[in-house]
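# Structural overview
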There are 2 protein chains.
Amino acid sequence: MNDFLPSQAGDLITAAVLVIGDEILSGRTKDKNIGYIAEYLTAIGIDLREVRVVPDIEEEIIAALDALRHKFTYVFTTGGIGPTHDDITADCVAKAFGVQLVEDPRAMSLLLERIKPEDMNEARRRMARIPVGGELVLNSVSKAPGFMIGNVIVMAGVPAVMQAMLEDVAPKLRTGVRMSSANIDATGFKEGDYAAGLGAIQKRHPGIVIGSYPSLTADGVFRNQIVVRARDLEAIEAAAAEVRAMLASLKV
Amino acid sequence: MNDFLPSQAGDLITAAVLVIGDEILSGRTKDKNIGYIAEYLTAIGIDLREVRVVPDIEEEIIAALDALRHKFTYVFTTGGIGPTHDDITADCVAKAFGVQLVEDPRAMSLLLERIKPEDMNEARRRMARIPVGGELVLNSVSKAPGFMIGNVIVMAGVPAVMQAMLEDVAPKLRTGVRMSSANIDATGFKEGDYAAGLGAIQKRHPGIVIGSYPSLTADGVFRNQIVVRARDLEAIEAAAAEVRAMLASLKV
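Worth saying up front: this structure is predicted, and the values here are computed from it rather than measured. (Residues numbered from 1 in each chain as written. Chains lettered and ligands numbered in written order. Predicted model: local features only at pLDDT ≥ 70, side-chain atom pairs only at ≥ 80, totals over all residues. Heavy atoms only, no water.)

### Section: the relation of the copies chain B and chain A
What connects the two chain copies is a rotation about an axis and a shift along it. Once chain B is rotated about the relating axis by 180 degrees and shifted along it by 0.0 Å, it coincides with chain A to within an RMSD of 0.0 Å. The relationship between the two copies is best expressed as a two-fold rotation axis. Relative to the rotation axis, the closest C-alpha in chain B is found at Arg52 of chain B, a distance of 2.2 Å. Interface overlap between copies is the fraction of interface residues in one copy that are interface residues in the other; for chain B against chain A it reaches 100%, indicating a shared surface. (Least-squares fit on C-alpha atoms with pLDDT ≥ 70 in both. Contact = heavy atoms within 4.5 Å.)

### With respect to the packing of aromatic side chains
Residues and elements named next belong to chain A. All chains considered together, the criterion is met by 4 aromatic pairs over all chains. Relative to Phe76, the ring of Tyr74 lies with its centre 6.4 Å away and its plane at 55 degrees, an arrangement referred to as tilted. Owing to a relative accessible area of 2%, Tyr74 belongs among the buried residues under this scheme. Seen from the ring of Phe97, Arg69 lies directly overhead, with NZ or CZ sitting 4.2 Å from the centre. (Phe/Tyr/Trp six-rings, centres within 6.5 Å; stacked < 30°, edge-to-face > 60°. Buried < 20%, exposed > 50% of the residue type's maximum accessible area, 1.4 Å probe, protein only. Lys NZ or Arg CZ within 6 Å of the ring centre and 35° of its normal.)

### Quick look at the confidence of the model for chain A
Residue and element names in this part refer to chain A. Per-residue pLDDT for chain A has a mean of 94; in total, 96% of the residues score no lower than 70. Note that residues 1–9 has pLDDT below 50 and, in this model, 21 contacts with residues that lie over four places away or in other chains. Scoring of the predicted complex yields 0.94 for pTM and 0.94 for ipTM. (pLDDT = per-residue confidence, 0-100.)

### Thoughts on the sheet that holds strand E10 (residues 209–216) of chain B
Residue and element names in this part refer to chain B. Strand order in the open sheet formed by 3 strands is E9-E11-E10, with antiparallel pairing between adjacent strands. Pairing within the sheet leaves two strands with one partner each, and these edge strands are strand E9 (180–185) and E10. Along the sheet, successive strands turn relative to each other by an average axial angle of 25 degrees, direction set aside. Sheet analysis places E9 next to strand E11 (residues 222–230), joined by 6 bridges and oriented antiparallel. Within the sheet, the bridge partner assigned to Ser180 lies in E11 and is Ala230. (Pairing = 2+ DSSP bridges. Helix = DSSP H or I, 4+ residues; strand = E, 2+ residues; numbered from the N terminus. Axes fitted to C-alpha atoms, helices over the stretch in contact; angles between N-to-C directions.)

### Considerations on the pairing of strand E3 (residues 74–78) of chain B
All names here are of chain B. Judged by how many residues are buried, E3 sits mostly within the fold: 5 of 5 residues are covered. Residues Tyr74, Phe76 and Thr78 of E3 are buried on one face, and the alternating residues Val75 and Thr77, pointing to the opposite face, are buried as well. As defined by bridge partners, strand E1 (residues 14–20) adjoins E3 across 5 bridges and the pair is classed as parallel. Bridge assignment links Ala16 to a residue of E3, and that residue is Val75. As judged from the 4 bridges shared by E3 and strand E8 (residues 152–155), these two strands associate in the parallel manner.

### What to know about the sheet that holds strand E9 (residues 180–185) of chain A
Residues and elements named next belong to chain A. If you walk across this open sheet you meet the 3 strands as E9-E11-E10, and the pairing is antiparallel. Edge positions in the sheet fall to E9 and strand E10 (209–216), since each of these pairs with one other strand and no more. Strand-to-strand twist across the sheet, computed as the mean angle between neighbouring axes with direction ignored, equals 25 degrees.

### Some thoughts on the pairing of E11 of chain B
Residue and element names in this part refer to chain B. The element E11 is largely enclosed, with a buried count of 7 among its 9 residues. Relative to E11, E10 runs antiparallel, the two sharing 8 bridges. What sits directly across from Ser215, in E11, is Arg223. In sequence, E10 turns back onto E11 through a hairpin of 5 residues, with Gly220 there showing a positive phi of about 80 degrees.

Laid out in structure tokens, this is it:
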């Protein structure tokens, strides 16, 4: 399947998440998958670079798939793989890859572990359709599998099921050097006070990424966190030490 | 500013959300704005059609802005408008529109409501920079304003601040006929049992959108909800009645 993988410089492995579902865009369902996948991929050495949420509309799904799969090492989709008429993700992925979508005997056996043969019907059979060339992604929660074709990994939208699928597919993925980070609590300091010093440190360390993240407590106080990110732990520590020293100098 | 608005068929007002921030993609911060904005826009008659999350990288932000602002009535951005070096949203929006980013006296007055004159510095002044032609979006929580230029609305990433800005800008936006919905609890039924019947109802009502949304309870039981969406309440009720009758027929 590596024929589909875009070439990568060095060990940099990138990914996008494509959330498919009208229910997220209407606000009816609050997505819980983006944050979970982001944290999971970061932990295994895959850089999440982009997320898109699109409605259950074939042209929109295919356009997003094509934009993302040619740009990143992997694309993870969530949603749209159930038995109802609004579940069109597998159809769209097959069309994007220009392959047939066919009933897969392995997928059918998995479905039959949960569904009684007398309950099998046309709608449920839809869940056994896999694009030709795809590999199954197992689902320990409710059996109906996802799949991986080329660099696209197709997963369920229900968080517990998606998480089980991610667990199954992750060991098969290429991973790079993990992006590590140091977190420096800057609560009590104001962003506007340390912004110049922080910007100067970022300039001296172009190879690392320094971010400043304010959040607001329930009583209206800003709690600022400074995060230093890189793949090299020594580089992180050097920059973090400068950040701490810079903050300490502001206390005078 | 209507010069910037793409022409729309009828009363259909659409939007995209562009979340700007490395911290969302790394998983460090879990986004809370997408779901809030989705629900808010649906309630006021604006259809959210796409969401993207991109990193703090100028080319990525501008590319996403340009893709979205030419496709939808409005684009709402969140994140990247603070005083630190990683806050580059205003710069990117100005570049996308091909206009200068200049210190705005009204924005500066607002900042000075919260910042003592002796604490004003170059970093804080950055928050008063507004692209030429932009209108301020007020922030009742922490004063530093967002802005609207053309069809792009630039808001903070901190949820409480973003929510205050949305409250300020919403009355100025064009809105369409609100998309309404009926929710039919299908818990106790299996999706695979009602999928065929539901698909047939969808076919008979091409003007409405019918979705089936499974979720999983803590004890592993699927709770299915069927949602019927349209702008016409009578059309919703007609389809919802058919869905209820179809479910009842399965009970036999």
